[in-house]
Structure formats: C-alpha cells, structure tokens
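Structural description and commentary
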Amino acid sequence: MSRVNLVTGGAGFIGSHLCERLLQRGEEVLCLDNFFTGSKRNIQALMSHPGFELIRHDVTQPIFLEVHRIYNLACPASPIHYQFNPIKTVKTNVMGALNMLGLARRVKARILQASTSEVYGDPAVHPQKESYWGNVNPIGVRSCYDEGKRVAETLFFDYYRQHRLDIRVARIFNTYGPRMSVNDGRVVSNFVVQALEGAPITVYGEGEQTRSFCYVDDLVEGLIRLMDSDEVIGPINLGNPEEFTIRELADTVLELTGSTSQVIHKPLPPDDPVKRRPDITLAREKLGWSPTVKLREGLVKTIAYFRELLGK
Ligand code: NAD
Ligand code: UDP
C-alpha cells in the first residue's frame, strides 16, 4: 500500500502547507477539514493533484479511513477563533483526539499531535524546555485551548502506554507565513494587513511581551522529520528560538512594508503570556532540525502574499 497521510485541519494555514509538502514527497494525502477557520482557497492548487483527496468532516465525530499516518492539526489556533465557541474548542481538542487515536489504533497508523507552546501557559521558566510542566490558568479565557491541548497530550501518552500506539507529539510555537487568513487575528497577519491597508497597528498592552516566530516552511519540515523519526516520540518543541518584543515586530513590519500606519495601543487580553521562547535542543539533537528562515526573510514572503491577496 502506498503511504496515505490523513491531515486533519488540512485546509488551514499550517495544514495546507503540510499537505503540499507531503504531495511533493510523492505521498498520498487525505485532507480532512470542517472549514471553520480553513478555506478551499488554501488547497485549491492541490485539488487537481492525483494524490490529493478532500473530506469535509468534523473531528468531534468518529470516522473510519484506511490510512498509514495521521497528522492531527484540526483546531482553531488564533485566540479570537478558539474563544468564539470555547466549548466547541474543548470538544475539538478532546473528542477530536479520542476519535483520531481510536482510528489510529484500529488501522495501526502512526499519529502525530499538533500540540502547542500554550501547554506552558504564562511560563515561569524561560526559555521553555519540554521538561517544564507549565503555568496554565485552568478557568481563564485561554483555557479551552490550553487545557484542551494538555488533555490531548495526556490522551496521546495514555494510548501509548495502554495500547502501545505509535504516537508523536510536537509542541508548536508561534508560526506565521502565507495562507494565514486575513481575519485570523494573530499578531503577524494583523500587523501585515494593517500596515498594507494603512490602518492603525494594534499593539496590545505596551508591546513589551515577547514571542518567537517560526516561518511555516521550517515548521512543516520539523513536523515531517518528527513523523519520520523512529527514535523520538516527543513531546518536542518546534519553533524559532529568536525572541522579539511585539513592539519590535510592529516596527519591523512597518519598515518592510514602507507603511505610514500609526501604532496604537489596545488593552492586553487576559492571561496573555508575558514571554515565550522555545528551547529547541531536543529537536536539534534528535531530529537534526533547526529553523533556517530569519524573521525579516519570512516577513518579506508573508507581506508579498498579503499584498497580492489584498491587491495592495
Ligand atoms: P488554522 O486555524 O489555520 O487551522 C486549523 C484548521 O482546523 C482549519 O482548517 C479549521 O477549519 C480546522 N478545524 C477546526 N476545528 C475542526 C474540527 N472540529 N474538525 C475538523 N477541522 C477543524 O490554524 P493553524 O495555525 O494552521 O494551526 C494548525 C494546528 O497547529 C492547530 O492544531 C494549532 O493548535 C496548532 N498550532 C499552531 C500554531 C501556530 O502558531 N500557527 C502554534 C501552536 C500550535
Ligand atoms: N497582539 C498584538 N496585537 C494584535 C494581535 C496580537 O499586540 O493585533 C499580541 C498579543 O497580545 C500577544 C502576541 O501579540 O501578546 C501574540 O498574539 P497571537 O494572538 O498572535 O498569539 P499567542 O498570544 O497565542 O501567542
């Protein structure tokens, strides 16, 4: 049997890049999505590929498919989208994980979970290593996502211990690039779209909080290396260890777009992590992986994408 990869959330930002890369490697792809935040535009170029199939389905419902590997990415990733219907976000994370783990067990597939740096919450340890257990508010507005992803990790490891399931868990840090949606709400797409439209750049709080931004091509390479590895199951951090304040990001976007937009400040959302940077020692040692795309370089590509999309 040829390799058939199920990519849940395959019509989303990261998922569509992953589908594309898997097809380029000569593998078959079943892309499953409910189109909550994903779009057909993201996968339009793949639709005519003979190795590509699309299934409209919600991971909170069981499904049976003959597949060899499962990449479980289905879940809105932007705070505004995952907070839109927080109960649904918990269901997507928990019931989605259960359904995909059940499927993997039944068909003996290897299964990778797209976990997140949000499992570290507002981290008291910096930079974050995989051994850190995190600092998560269990009842806050981000909890549906953070705790949902933590339970999903628990389920993955229980299936591994109880059923010897072949699992992989990636903890993904802030990733950006072409195909983020215009109304995604995350900081890179917000700032780029605002700069191109000449609208105010909305910095939340003073902009002193930090993030570390990974270009999507680097991230996808890390996900595939982890899936291919017979040595490491994770959890393993995937992200770019170069750390920037949000204010620095705003200034860089303004410079690279040549925009004259003004920076305005809006209130900091509740439980917004103060700083975040991955320790990627494990990924370097076990996967031979580290990011190759610098922030400025990745921003130039992202800006070009949004310029074309917006006709600016
Ligand atoms: P995205 O919102 O662009 O993609 C998520 C995809 O999942 C969308 O296509 C959406 O329609 C689909 N989806 C949502 N709920 C679903 C459901 N119940 N059933 C089927 N499909 C569903 O987000 P993204 O940035 O591409 O994130 C992909 C994955 O990576 C997510 O699991 C996210 O938690 C994880 N992740 C992303 C980042 C990041 O910075 N981009 C960081 C950490 C983790
Ligand atoms: N942010 C901001 N302006 C925006 C969107 C986000 O200043 O228009 C800030 C946000 O408060 C956070 C950081 O940028 O400190 C990253 O936010 P994002 O929603 O991209 O991801 P996350 O908080 O999940 O890392």
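Structure shown above.
Residues numbered from 1 in each chain as written. Chains lettered and ligands numbered in written order. Predicted model: local features only at pLDDT ≥ 70, side-chain atom pairs only at ≥ 80, totals over all residues. Heavy atoms only, no water.

Per the counting criterion, the structure on display carries 26 salt bridges. D166 is paired through a salt bridge with R168; the nearest N and O atoms lie 3.0 Å apart. A relative accessible area of 29% means that D166 is categorised as partly exposed. Under the relative-accessibility criterion, R168 is labelled buried at 2%. What you see here is one network of salt bridges that share partners, running through R3, R25, E27, R69 and D228. (Salt bridge = Lys/Arg side-chain N within 4 Å of Asp/Glu carboxyl O. Buried < 20%, exposed > 50% of the residue type's maximum accessible area, 1.4 Å probe, protein only.)

Taken together, the neighbourhood of ligand 1 is formed by 29 residues, with D33, T37, Y145, T175 and R186 sitting nearest. A distance of 3.0 Å separates an oxygen atom of ligand 1 from a polar atom in the backbone of G12. L73 has a polar backbone atom sitting 2.8 Å from an oxygen atom of ligand 1. Here ligand 1 loses 97% of its free accessible area of 830 Å² to cover by the protein chains. Elements represented by at least two residues in the shell around ligand 1 include exactly helix 1 (13–24), strand 5 (110–116) and helix 5 (143–163). Grouping the constituent residues of the shell around ligand 1 by class yields 14 nonpolar, 11 polar and 4 charged. (Near = heavy atom within 4 Å. Polar contact = N/O pair within 3.5 Å; in protein donor to acceptor, adjacent residues only side chain to side chain. Areas by Shrake-Rupley, 256 points an atom, 1.4 Å probe, with all protein chains shown as cover. Helix = DSSP H or I, 4+ residues; strand = E, 2+ residues; numbered from the N terminus. Nonpolar A, V, L, I, M, F, W, Y, C, P; charged D, E, K, R; others polar.)

Spatial relationships are all this shows, so hold off on functional conclusions.
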